[in-house]
Amino acid sequence: MRELKNYIGGSFLPASSGALLENRAPATGEVIATIPASGASEIDAAVAAGRAALAGPWGRSTVAERADLLDAIADGIARRADELAALESLDTGKPVALARNMDIARAVANFRFFAGAVRHDETGCHEMADAINYTQRRPLGVVGLITPWNLPLYLLSWKAAPALACGNAVVAKPSELTPLTASALAEVIHGVDLPAGTFNLVHGLGAEAGAALVSHPGVAGISFTGGTSTGAQVGAAASAGFKKLSLELGGKNATVVFADADPAITLPGVLRASFTNQGQVCLCGSRILVERRYLESFLSRFRTAVEALTLGDPSDPGTELGSLISAAHREKVEHYVALARAEGGTIVTGGSRPAMQGSLAGGAFYRPTVITGLPIDSRVAQEEIFGPVVTVHPFDTEEEAVALANGVPYGLAASVWTRDLTRAHRVAGALDVGMVWVNTWLKRDLRVPFGGVKASGVGREGGAHSLAFYTHDKNVCIAL
Ligand code: TXE
């Protein structure tokens with residue numbers, strides 16, 4: 001049982017009220033930690049610490065010094081990688097192999113990548129006949145980072161690394177459901193001698209600590225990843241204070257499978273896109289659109305592959321599917337499956353809780369579920385479920401596939417599976433989303449723009465986009 005603390009001004013502190021929140025392991029339902037139930041006063045203290053750091057040595061730090069510190073943080077995470085993977089798996093219910101190979105590996109890569117990116121960053125110079133302009137890049141100040149429970153350290157590091165690289169002070173508010181690796185990151189950062197107050201961590205509920213951070217007048221920018229309805233509230237509150245804002249929200253992404261797709265890569269690819277992290281990734285392809293003449297053959301092979309997935313103890317290195325994030329979230333998923341039945345859908349596989357033994361009997365497990373026969377405009381095919389549930393829909397023409405893919409309020413990502421290169425280009429160009437993968441899924445180069453359109457958010461992260469977000473450009477014009 002861990003008693004986690006906030007990390008403010010270089011010290012590990014409890015909430016001033018002494019109030020605590022319980023943190024449960026979703027695979028067992030057991031309480032594994034407590035976190036401070038922080039609110040406005042802890043956010044005030046963290047923002048003040050951030051401002052003090054900016055007024056002190058951190059505000060005078062050079063790019064080279066900051067990049068070296070980011071590399072040291074990457075080293076610190078890498079040294080504790082096995083322990084952090086175990087913590088992430090315990091906290092989220094995700095398979096430990098996934099936590100090790102994806103979440104923790106990416107956290108190391110994020111710090112290393114942004115150390116390199118900021119070392120190589122350049123600014124512009126615009127010459128006139130009688131003057132010269134040059135652009136200075138300045139940190140925003142204190143930035144608030146609000147992160148969700150599905151990829152806790154992966155997403156916190158994706159924001160903290162560029163924010164620090166650019167010279168900002170950070171106040172991070174991780175999900176109250178998954179606080180463990182954020183606290184471990186604070187320990188790593190404590191060990192690398194970042195000036196006190198540069199990185200602050202405040203645990204607590206979104207409506208309390210999160211809302212206080214978003215509306216704090218001393219915070220210059222907010223980067224939020226989470227649900228679309230929360231994102232709308234965060235966006236409204238941040239805009240009222242004229243804060244720079246990045247919103248990475250939900251998705252209802254299409255997986256578009258043409259009959260000429262290569263089954264050897266398509267089946268494993270679509271399986272990954274459907275069920276990675278129990279379907280709890282904003283990029284997961286939860287609507288599989290299949291060309292009608294390939295539908296039957298695809299479905300029978302897909303079903304076999306889904307039923308062969310190993311669901312079990314997240315701490316077992318062989319497990320491919322673990323627990324959902326919480327009992328409450330499983331109820332939400334179950335509600336959608338019941339709705340699918342009521343809307344006339346056929347459950348091809350899944351649609352129920354697996355029988356788990358021993359301590360896992362209290363876990364939030366759910367079988368991977370494939371549903372056919374639903375109208376494309378049904379709620380289950382339109383709303384983000386964020387769990388191990390996919391719907392499959394036929395299409396006849398390329399135009400219809402594009403229309404079905406675009407026919408949702410979201411616009412985050414899509415994947416297209418075909419051997420026809422010209423069609424791949426046409427369809428990729430016509431999809432109303434921020435990211436398209438062709439014959440692959442979730443292949444990530446950290447330089448490329450990451451983000452969505454429509455209800456999937458505002459702004460882009462990644463490479464130069466992150467460096468642009470966490471800075472403001474100032475132009476200096478000198479008459480010659
Ligand atoms: O996320 P929330 P929840 C989707 C998914 C899921 C739904 C709700 O569909 O079922 O969102 O999940 C903080 N001011 N995604 O409720 O509420 C909160 O403490 C400031 C998709 O868990 O969006 C946490 O740190 N902050 C998503 C963070 O916001 C607030 C990943 C996200 O929580 C706040 C997760 C407030 N008023 C869920 N209220 C993705 N895009 O990957 C909450 N928070």
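The structure displayed is predicted, hence computed values, not measured ones.

Caption draft 1: Molecular detail of the overall build of the protein. Along the backbone of the protein there are 15 helices and 23 strands. Taken against the 2.2 N^0.38 rule, which gives 23 Å for 480 residues, the C-alpha radius of gyration of the protein at 23 Å falls within 12% of a compact globule. Residue burial in the protein is summarised as follows: out of 480 residues, 59% are buried. Of all intrachain contacts in the protein linking residues separated by at least 6 positions in sequence, the fraction that spans at least 24 positions is 74%. Element-wise, carbon and sulfur atoms account for 55% of the exposed surface of the protein, whose accessible area totals about 18300 Å². Positive and negative charge centroids in the protein, built from 41 and 46 side chains respectively, lie 1 Å apart.

Caption draft 2: Representation of the packing of aromatic side chains in the model. Applying the stated criterion across every chain, the model contains 11 aromatic pairs. With a centroid separation of 4.6 Å and an interplanar angle of 35°, the aromatic rings of Tyr-7 and Phe-12 are classed as tilted. One aromatic cluster is present, formed by Phe-113, Phe-114, Trp-158 and Phe-450 through successive ring pairs. Here the basic side chain of Arg-423 rests over the ring of Phe-258, its NZ or CZ set 4.0 Å away from the ring centre.

Caption draft 3: Structural context of the site of the ligand. Neighbouring residues of the ligand: 28 residues in total, closest Trp-149, Lys-173, Glu-176, Gly-227 and Lys-332. In this structure, a nitrogen atom belonging to the ligand sits 3.5 Å away from a main-chain N or O atom of Ala-211. Side-chain polar atom of Thr-230 to an oxygen atom of the ligand: 2.9 Å apart, as the coordinates give it. For the ligand, the cavity whose grid points lie within 2 Å of the majority of its atoms is the largest pocket. Residue assignment for the shell around the ligand shows that the elements contributing at least two residues are helix 7 (206-215), strand 11 (221-225), helix 8 (228-240) and helix 11 (327-342). Ranked by the residues each element gives to the shell around the ligand, the list is headed by helix 7, at four residues.

Caption draft 4: Main features of the domain arrangement of the protein. According to the domain assignment, the protein consists of domain 1 (2-249 + 456-479) and domain 2 (254-445). On a C-alpha basis, the centroid separation for the pair domain 1 and domain 2 is 30 Å. Taken together, both faces of the contact between domain 1 and domain 2 bury some 2100 Å²; the carbon and sulfur share is 59%. Interface area lost by domain 1 to domain 2 is led by Pro-95, Trp-149 and Ser-456, which between them contribute 25%. Where domain 1 meets domain 2, there are zero salt bridges.

Caption draft 5: Just the environment of Ile-132, in detail. Inspection of the secondary structure puts Ile-132 in strand 7 (residues 131-139). Look at Ile-132 and you get partly exposed, because its relative accessible area is 26%. When the C-alpha positions of Ile-132 and Ala-479 are compared, they lie 6.6 Å apart, and in sequence the two are 347 residues distant. Those residues within four positions of Ile-132 in sequence are excluded, and the remaining contacts are Cys-125, His-126, Glu-127, Val-476, Cys-477, Ile-478 and Leu-480.

Caption draft 6: A look at the pattern of salt bridges. In the structure shown here, the tally under the stated rule is 21 salt bridges. We note a salt bridge from Arg-137 to Asp-121, for which the minimum N-O separation is 2.8 Å. With Arg-137 in strand 7 and Asp-121 in the loop between helix 4 (96-119) and strand 6 (125-127), this residue pair connects regions lying 16 residues apart in the sequence. A relative accessible area of 24% means that Arg-137 is categorised as partly exposed. Here Asp-445 ties to Arg-447 by a salt bridge, and the two come within 2.6 Å at their closest N and O atoms. What emerges from the salt-bridge pattern is a single network uniting Asp-68, Asp-71, Asp-75, Arg-112 and Arg-119.

Caption draft 7: Summary view of empty space enclosed by the protein. In the structure shown here, the tally under the stated rule is three cavities of 30 Å³ or more. As a volume, the largest cavity reaches approximately 120 Å³. Together, 14 residues line the largest cavity, and Leu-151, Tyr-154, Leu-155, Leu-283 and Phe-450 are the ones closest to its centre. Among the elements that line the lining of the largest cavity, the one with the most residues is helix 5 (residues 152-165), at three residues. Per-class residue counts for the lining of the largest cavity are nine nonpolar, two polar and three charged. Counting the residues that make up the lining of the largest cavity, at least three belong to each of domain 1 (2-249 + 456-479) and domain 2 (254-445).

Scoring rules and cut-offs
- Numbering of residues starts from 1 in every chain and runs along the sequence as written.
- Two thresholds apply to this predicted model, a pLDDT of at least 70 for residue-level local features and 80 or more for giving and counting side-chain atom pairs, whereas whole-chain, interface and lining totals are computed over all residues.
- No hydrogens and no water enter the side-chain calculation; it runs on all heavy atoms of the structure.
- Secondary structure elements follow DSSP: runs of H or I of four or more residues count as helices, runs of E of two or more count as strands, with numbering from the N terminus.
- Every radius of gyration here is taken over C-alpha atoms, with the globule rule written as 2.2 Å times N^0.38, N being the number of residues.
- Summary of the burial criterion: residues with accessible area below 20% of their type's maximum are buried, those above 50% are exposed, and those between are partly exposed, where the area comes from a 1.4 Å probe applied to protein chains only.
- For this analysis, residues touch if any pair of their heavy atoms sits within 4.5 Å.
- Accessible areas in this description were obtained via Shrake-Rupley with a 1.4 Å probe; residue shielding takes into account the shown protein chains only.
- Just so you know, the count uses Lys and Arg for positive and Asp and Glu for negative, and it drops His and the chain ends.
- For this purpose, a charge sits on NZ of Lys, CZ of Arg, CG of Asp or CD of Glu.
- Two aromatic rings, drawn from Phe, Tyr or Trp (for Trp, its six-membered ring), form a pair once their centres lie within 6.5 Å of each other, and the interplanar angle then sorts them: stacked below 30 degrees, edge-to-face above 60, tilted otherwise.
- Charges are assigned to positions over rings by a cutoff of 6 Å between ring centre and Lys NZ or Arg CZ, combined with an angular limit of 35 degrees from the ring normal.
- Near residues are defined by distance, with any heavy atom within 4 Å of the molecule or strand qualifying the residue.
- By the criterion applied in these results, polar contacts are pairs of N or O atoms within 3.5 Å in which, for protein atoms, one can donate a hydrogen and the other can accept it, and in which residues neighboring in sequence qualify only through two side-chain atoms.
- Residues are called lining when one of their atoms sits within 4 Å of a cavity or pocket point, these points coming from a 1 Å grid over the protein atoms alone, where a cavity is a set in which a 1.4 Å probe fits but cannot get out and a pocket is an open set with protein on both sides within 12 Å along at least five of seven lines.
- Any molecule with more than half of its atoms within 2 Å of a cavity's or pocket's grid points is counted as sitting in it.
- As annotated, the domain borders come from an automatic or database domain assignment.
- Computed with a 1.4 Å rolling probe, the buried area is the accessible surface lost when two parts are put together, summed over both parts.
- Salt bridge criterion: a side-chain nitrogen from Lys or Arg within 4 Å of a carboxyl oxygen from Asp or Glu.
- Grid points are joined across faces, edges and corners, and a volume is the space filled by probe spheres set on the points.
- Under the convention adopted here, Pro, Cys and the residues Ala, Val, Leu, Ile, Met, Phe, Trp and Tyr are nonpolar, Asp, Glu, Lys and Arg are charged, and Gly plus all remaining residues are polar.

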